[in-house]
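Chain and residue survey
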Amino acid sequence: MTMNNGCRTTKGGRLDPAVALFHSLSDPTRLAIVKSMAAGEVRVSDLTGELGMAQSTVSAHVACLRDCGLVAGRVEGRSVYYSLTQPELMDLLSQAEILLAATGNAVSLCPVYGNESTHHVRALEDVR
């Protein structure tokens, strides 16, 4: 696997679109960025203050979301304002919360993903 703007690709450079979508949402920082954008447009500088992260880190995560087609930027003067391109994304995350309510304990205990990834479950709950 190789890295491309923070998103994984296979040897051939491509992922199944569903895998790429869920991978783009698999990081707690990207979920927090999506949550911020659900309330409206944000600049990277707004996100750095909100998330307490370096500008380069936030920019890389925004680039991943942008490359996946989930966010887009609008230039105004010297600033770029980012927003969600698909409001259905919030519907998807709401449905994920329902699924987690039903299977969250099983997901948390999953021997492959749960032990080190329980913070992802909490990050999805924070999207609400």
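Here, the structure is the one placed above.
Residues numbered from 1 in each chain as written. Predicted model: local features only at pLDDT ≥ 70, side-chain atom pairs only at ≥ 80, totals over all residues. Heavy atoms only, no water.

Regarding helix 3 (residues 44-51)
- Buried residues of helix 3: V44, L47 and T48, and no others. The arc that holds the buried residues of helix 3, viewed along the axis, is 105 degrees, so those residues lie on one side. The outward face of helix 3, more than 90 degrees from its buried face, is lined by the exposed residues G49 and E50.
- Those residues of helix 3 that are buried are in contact with helix 2 (28-38), helix 4 (55-67) and strand 4 (79-84).
- Remark: G52 follows helix 3 within two positions and exhibits a positive phi of approximately 65 degrees. (Buried < 20%, exposed > 50% of the residue type's maximum accessible area, 1.4 Å probe, protein only. Helix = DSSP H or I, 4+ residues; strand = E, 2+ residues; numbered from the N terminus. Arc of directions from axis to C-beta. Contact = heavy atoms within 4.5 Å.)

Quick notes on the packing of helix 2 against helix 3
- Across the interface, helix 2 lies against helix 3 with an axial gap of 11 Å and an inter-helix angle of 120 degrees. Judged by the angle between their axes, helix 2 and helix 3 are oblique. Read as a crossing pair, helix 2 and helix 3 show a hand that is right-handed. Contacts from T29, A32, I33, S36 and M37 in helix 2 reach L47, E50 and L51 in helix 3.
- The residue inventory of the contact of helix 2 with helix 3, partitioned by class, reads 5 nonpolar, 2 polar and 1 charged. (Axes fitted to C-alpha atoms, helices over the stretch in contact; angles between N-to-C directions. Parallel < 35°, antiparallel > 145°, perpendicular 65-115°, else oblique. Left-handed = near helix turned anticlockwise from the far one by under 90°. Nonpolar A, V, L, I, M, F, W, Y, C, P; charged D, E, K, R; others polar.)

A look at the packing of helix 3 against helix 4
- Between helix 3 and helix 4, the shortest axis-to-axis distance is 9 Å and the interhelical angle comes to 115 degrees. Like other packed secondary-structure pairs, helix 3 and helix 4 cross with a definite hand, here right-handed. Contacts between helix 3 and helix 4 involve V44, L47, T48 and L51 on the former and, on the latter, Q55, V58, S59 and V62.
- Tallied by class, the residues present in the contact of helix 3 with helix 4 amount to 5 nonpolar, 3 polar and no charged.

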